[in-house]
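Chain residues, written in single-letter form:
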There are 2 protein chains.
Amino acid sequence: MSKEEVGITVTKNEDFSEWYTQVVLKAKLADYAPVKGLIVLRPDGYSIWESLRSTFDSKFSKNGIRNGFLPILIPESLLGKEQKHFAGFNPEVFWVTHSGTNEVGDRLALRPTSETLAYTLYSKWIQSWRDLPLKINFWNTALRAEIKATKPFLRTSEFLWQEGHTVHTTQEEAEKEVMKILEIYKNTVEEELAIPVITGKKSEKEKFVGAVYTTTMESIMPDGKALQMGTSHFLGQNFSKPFEVKFADKDNVEHFAWQTSWGVSWRLIGAMIMVHGDDKGLVLPPKVAPTQVVIVPIYKNDEGKEKVFEKVQEIKSNLELQEIRIHVDDREGLSPGFKFNDWELKGVPLRIEIGPKDIEKESIVIAKRHTREKSSLNFSKIEKIPSILDEIQDEMFKSAKIQSMQNTIEIADYSDFKSKIEKGGFINSPWCGKLECEEKIKEETGADIRLIPFDSENSDKKCIYCQQQSVSVPIFARGY
Amino acid sequence: MSKEEVGITVTKNEDFSEWYTQVVLKAKLADYAPVKGLIVLRPDGYSIWESLRSTFDSKFSKNGIRNGFLPILIPESLLGKEQKHFAGFNPEVFWVTHSGTNEVGDRLALRPTSETLAYTLYSKWIQSWRDLPLKINFWNTALRAEIKATKPFLRTSEFLWQEGHTVHTTQEEAEKEVMKILEIYKNTVEEELAIPVITGKKSEKEKFVGAVYTTTMESIMPDGKALQMGTSHFLGQNFSKPFEVKFADKDNVEHFAWQTSWGVSWRLIGAMIMVHGDDKGLVLPPKVAPTQVVIVPIYKNDEGKEKVFEKVQEIKSNLELQEIRIHVDDREGLSPGFKFNDWELKGVPLRIEIGPKDIEKESIVIAKRHTREKSSLNFSKIEKIPSILDEIQDEMFKSAKIQSMQNTIEIADYSDFKSKIEKGGFINSPWCGKLECEEKIKEETGADIRLIPFDSENSDKKCIYCQQQSVSVPIFARGY
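Just so it is clear, the structure is predicted and the values come from calculations on it, not from any experiment.

(A) Broad picture of helix H9 (residues 302–321) of chain B. Its 20 residues place the ends of H9(B) 28 Å apart at the C-alpha level, agreeing with the 28 Å of an ideal helix rising 1.5 Å per residue. Just downstream of H9(B), Glu323(B) is the residue with a positive phi angle, here 60 degrees.

Here it is in structure tokens:
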């Protein structure tokens with residue numbers, strides 16, 4: 001295979017969309033499935049998801065949330081019980097009509113989300129205040145038919161996600177849970193994936209139809225489009241009433257419970273690829289990288305090889321003891337240059353090169369993936385590699401933060417807004433709070449309200465569209 | 001609620017099937033979903049699955065197996081590509097015919113198993129010997145419509161499982177993998193779930209239709225019926241030929257690859273419930289118990305309470321440091337007796353009772369769930385609790401092993417066979433190897449060949465049915 005075939009053939013700037021797809025496929029994170037709209041995760045892609053799952057699980061668990069399992073089939077009659085909620089998913093639902101050669105009576109939906117199913121069960125499980133709070137999370141997939149072109153991790157008809165569903169005795173407790181989850185989402189994405197996010201509320205138009213309100217975290221991608229990274233909904237009693245999720249309080253009086261639901265999906269992996277990747281391919285944050293360090297041994301003859309491999313083995317054992325995920329590329333018949341390109345394409349954060357000359361100098365060469373800087377590291381300093389990985393993680397976050405800030409501007413004038421939106425980015429502009437202005441802006445510019453920052457409510461500026469008194473300064477952007 | 005409603009109302013001996021269902025529901029492991037044939041896992045049930053998953057993952061990983069993700073929808077045309085394989089699942093497949101209001105062209109099957117999908121992808125991913133062995137495991141669910149009454153964990157239309165799919169350059173390497181996996185299955189089930197299993201080959205009649213041969217592990221349940229606990233298949237080139245899973249060898253000649261597939265499901269949890277449970281409810285092996293130790297503080301007034309809770313906290317911290325999963329039942333308004341019953345129903349392996357008198361005596365009372373023995377343990381010996389849990393695990397395995405041995409007999413005479421099979425159990429009887437005899441035995445007694453032990457091939461006895469020369473001594477039983 002020539003280098004051209006293996007590597008990425010377009011730059012990130014010249015064709016972002018094609019660049020993205022090539023990175024996903026050539027770094028072997030995912031592949032297309034035979035059914036339009038569906039993808040498969042290869043081990044390197046799934047491993048990133050497992051790493052995120054494990055971090056979330058540990059944080060959920062500290063917050064008293066446990067995992068459960070829900071089946072994928074939901075009867076049509078149940079899905080329709082909360083009409084507003086149902087209407088939102090209707091056009092996207094996959095329907096099972098037969099098992100074997102038999103027709104099923106009530107058609108079965110492949111789960112687009114599990115509120116209706118979970119709350120039917122919760123209503124059985126909850127009798128009194130003793131059973132609350134009930135906080136269960138489900139790691140599964142959701143299915144929503146996508147008619148547009150498949151975009152791995154971003155637009156697929158089945159996607160891996162988690163959906164959490166909690167029930168509380170008071171509104172206050174439920175609303176605290178909504179914010180607690182949003183906080184867990186934010187710090188996990190920032191700390192693990194090195195992607196800065198902003199958080200706030202969705203507008204009425206953009207909220208989850210079944211929610212009283214929706215909180216969200218959003219990021220701006222390098223192409224200037226916004227990506228919704230996760231949502232945490234306050235459901236109020238919107239579901240507890242139709243589904244009869246009730247509890248007897250200490251005074252034995254029955255009340256409808258207060259609920260939340262929240263989720264993040266593998267879309268986070270898509271964001272990671274877009275934010276950090278470069279013209280050479282994937283760039284992985286060390287914390288989630290399936291392989292954190294790759295060693296490429298360099299030698300010309302058998303004698304040299306033996307000496308090199310002795311040292312390689314020593315370094316490998318040393319770093320494994322420090323729980324570094326390390327791989328030695330000992331493939332025969334491939335040049336060091338080929339291997340360098342291969343591991344750069346795959347985004348391994350740190351490469352170690354070691355040859356006979358390095359052994360003489362008692363040092364190794366280290367190459368950082370994110371900056372592509374090479375330097376030499378004395379044998380005595382190999383212990384420092386874990387902290388070098390931490391530095392890489394920090395540097396990646398800082399550089400993403402700068403990128404994101406450069407892509408965020410404040411605009412008060414609508415004609416300015418219209419011209420700037422062409423370049424993409426987050427735009428902070430005052431808004432009167434009326435649906436009509438929100439819709440007009442969307443219609444005329446393609447931008448929607450991504451979120452209303454929590455601290456921006458009660459603004460006293462003029463609405464960018466109608467010039468009337470504004471109520472907040474939302475962040476507008478064109479979105480994915 | 002009265003004690004009758006909360007606890008198990010039948011004994012394990014008098015109505016095994018009802019007893020089983022009550023344990024599953026009342027111990028809150030699982031519940032029925034609104035769709036017939038489907039169940040939901042509550043946190044205590046799912047936690048056991050997570051524990052098994054984590055043990056298997058660590059063993060798979062040491063064996064070079066990584067996890068991936070496959071979508072749930074498989075086009076009908078693809079599923080039918082390996083005809084023999086397809087025919088086996090045809091009557092059980094759930095079919096998606098619509099997305100929203102649109103008809104889908106090629107109907108989509110909900111995955112009954114993923115061989116056809118995985119190997120379509122493998123055929124793209126594998127070019128040369130360098131890409132092999134390829135060993136990927138998928139934790140997901142499979143769907144096969146069940147027409148009989150739902151039995152949680154044992155008979156459900158959707159079930160949690162793992163399916164592993166490996167590809168090798170040689171037959172020998174693939175066959176070694178089959179046995180390696182079977183060994184991992186056996187030692188995990190024996191060590192984690194404390195259930196003894198026997199391993200061997202399935203007969204031609206009972207093997208996975210797509211396989212060259214199927215190896216299996218089986219256990220005998222307390223009601224005398226056998227349960228298949230997991231299978232590991234040698235697929236030979238049965239799939240690599242229709243799916244073109246080919247590789248160029250070092251000499252650049254193309255060959256069809258050699259394949260394996262293997263799986264265990266949440267049925268293992270069903271076995272655990274049946275083997276260890278008793279008239280009081282669930283009995284959990286400590287290694288997989290979501291809660292390993294429960295502390296029930298006993299006190300009459302506030303002064304007593306304070307002293308007791310101080311000690312409780314000390315014990316809790318001490319055991320948490322030793323990574324014991326511990327819970328303090330501090331619910332107000334419930335009697336110690338109620339709490340004891342509750343935790344016995346839920347199967348927690350060890351209960352600690354501590355009251356003011358115990359504090360005076362500087363000791364706690366410990367009650368083992370599996371034997372219901374109580375004894376007292378001096379404060380100075382609290383460090384021993386982890387090793388007490390290990391002893392419980394061992395004792396549970398030994399007692400299950402004795403139960404299983406008592407349920408296994410050798411029989412050479414067919415009329416004897418016919419009478420003994422009524423009591424259930426594993427029956428070792430010689431067999432000529434002919435399908436006709438196997439079918440007649442099944443027809444006349446309801447027993448099938450569960451497995452042919454690896455060491456029993458080449459037997460020189462007389463077939464129990466036709467009295468001709470036997471070729472092996474299989475284990476017969478009526479099965480789940």
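The rest of the description comes next.
(B) Main features of the packing of helix H3 (residues 43–62) of chain A against helix H7 (residues 171–192) of chain A. Residue and element names in this part refer to chain A. Running from N to C, H3 and H7 cross one another at 140 degrees; their axes reach a closest spacing of 11 Å. As far as their axial angle goes, H7 and H3 are oblique. Crossing geometry of H3 relative to H7 is assigned as right-handed. Residue-level inspection shows Leu-52, Thr-55, Phe-56 and Lys-59 of H3 in contact with H7, the latter providing Ile-184, Thr-188 and Glu-192.

(C) View of the domain arrangement of chain A. Along its sequence, chain A is carved into domain 1 (3–276), domain 2 (293–388) and domain 3 (408–477). In this structure, domain 2 of chain A and domain 3 of chain A have C-alpha centres spaced 51 Å apart.

(D) Up close: the interface of chain A and chain B. Counting residues at the interface gives 41 residues for chain A, matched by 41 residues for chain B. Considering every element that reaches the side of chain A that touches chain B, the biggest residue donor is strand S5 (residues 94–99) of chain A, with six residues. A breakdown of the residues in the side of chain A that touches chain B according to their chemical character gives 26 nonpolar, nine polar and six charged. The sheet contact formed by S5(A) and strand S5 (residues 94–99) of chain B spans five bridges and is antiparallel. Paired with Trp95(A) across the bridge in S5(B) is His98(B).

(E) Region of interest: the sheet that holds strand S22 (residues 448–453) of chain B. Residues and elements named next belong to chain B. The sheet built from eleven strands is open, its strands ordered S3-S7-S8-S14-S11-S10-S9-S22-S23-S21-S20 with mixed pairing. Among the strands making up the open sheet, the edge pair consists of strand S3 (66–67) and strand S20 (408–410). Pairing analysis gives two bridges linking strand S9 (residues 198–201) to S22, with the strands arranged antiparallel. When the sheet's bridge partners are listed, Lys-201 is paired in S22 with Ile-452. Those strands touched by helix H6 (residues 115–125) are strand S7 (134–143), strand S8 (158–168) and strand S14 (258–265), and its axis lies near 30 degrees from that of S8. Sheet contacts for helix H8 (residues 267–276): strand S10 (213–220), strand S11 (226–236) and S14; angle to S11, the most-contacted strand, approximately 150 degrees.

(F) Structural context of unusual backbone geometry. Residue Leu132(A) is joined to Pro133(A) through a cis peptide bond whose omega torsion reads -5 degrees. Among the structural elements, Pro133(A) can be located in the loop between helix H6 (115–125) and strand S7 (134–143). Positioned with a positive phi, Asn252(B) is a non-glycine residue whose angle comes to about 70 degrees. With respect to the helices, strands and loops of the structure, Asn252(B) is situated in the loop between strand S12 (246–248) and strand S13 (254–256).

(G) Structural context of the nonpolar core. One finds Leu268(A) and Leu268(B) to be the most contacted residues of the largest nonpolar core, which totals 268 residues. In this view, Leu268(B) contacts Leu52(B), Val189(B), Leu193(B) and Met229(B); residues no more than four positions away in its chain are not counted.

(H) View of the relation of the copies chain A and chain B. It takes a turn of 180 degrees to lay chain A on chain B, together with a shift of 0.0 Å along the axis; the resulting RMSD is 0.0 Å. Here the transformation between the copies is reduced to the relation of a two-fold axis. In terms of C-alpha distance to the rotation axis, chain A has Val96(A) as its closest residue, with the C-alpha 2.1 Å off the axis. The residues that chain A uses at the interface reappear at the interface of chain B in 100% of cases, marking a shared surface.

(I) Structural context of the sheet that holds S7(A). Strand order in the open sheet made by the eleven strands is S3-S7-S8-S14-S11-S10-S9-S22-S23-S21-S20 (chain A), with mixed pairing throughout. With one partner strand each, in any of the chains shown, strand S3 (66–67) and strand S20 (408–410) of chain A form the two edges of the open sheet.

(J) Expanded view of the pairing of S8(B). Residue and element names in this part refer to chain B. When you tally the buried positions in S8, you get nine out of eleven residues, the bulk of the element. By the bridge criterion, eight bridges tie S8 to S14 in an arrangement that is antiparallel. Residue pairing across strands places Gly-164 opposite Trp-262, the latter belonging to S14.

(K) Seen up close, the environment of Lys241(B). All names here are of chain B. Within the fold, Lys-241 resides in the loop between S11 and S12. By C-beta crowding, Lys-241 is classed as partly exposed, having 13 other C-beta atoms within 10 Å. Taking C-alpha positions, Lys-241 is 62 Å from Asp-330, a pair spaced 89 residues apart along the chain.

(L) Structural context of the pairing of strand S6 (residues 102–110) of chain B. All names here are of chain B. Bridge count between strand S4 (residues 73–75) and S6: three bridges; the pairing is antiparallel. Residue Leu-73 lies in a different strand from S6, and its bridge partner there is Leu-110. Where S5 meets S6, four bridges bridge the pair, whose relative direction is antiparallel. Looking across to S6, one finds that Trp-95 is bridged to Ala-109. Linkage of S5 to S6, two consecutive antiparallel strands, is achieved through a turn of two residues, within which Gly-100 is found at a positive phi near 60 degrees.

Cut-offs and rules
- Residues numbered from 1 in each chain as written.
- Chains lettered and ligands numbered in written order.
- Predicted model: local features only at pLDDT ≥ 70, side-chain atom pairs only at ≥ 80, totals over all residues.
- Helix = DSSP H or I, 4+ residues; strand = E, 2+ residues; numbered from the N terminus.
- Expected span 1.5 Å × (residues − 1).
- Axes fitted to C-alpha atoms, helices over the stretch in contact; angles between N-to-C directions.
- Parallel < 35°, antiparallel > 145°, perpendicular 65-115°, else oblique.
- Left-handed = near helix turned anticlockwise from the far one by under 90°.
- Contact = placed C-beta atoms within 7 Å.
- Domains from an automatic or database assignment.
- Nonpolar A, V, L, I, M, F, W, Y, C, P; charged D, E, K, R; others polar.
- Pairing = 2+ DSSP bridges.
- Core = buried A, V, L, I, M, F, W, Y, C linked by C-beta atoms within 7 Å.
- Buried ≥ 20, exposed ≤ 12 C-beta atoms within 10 Å, placed from the backbone.
- Least-squares fit on C-alpha atoms with pLDDT ≥ 70 in both.

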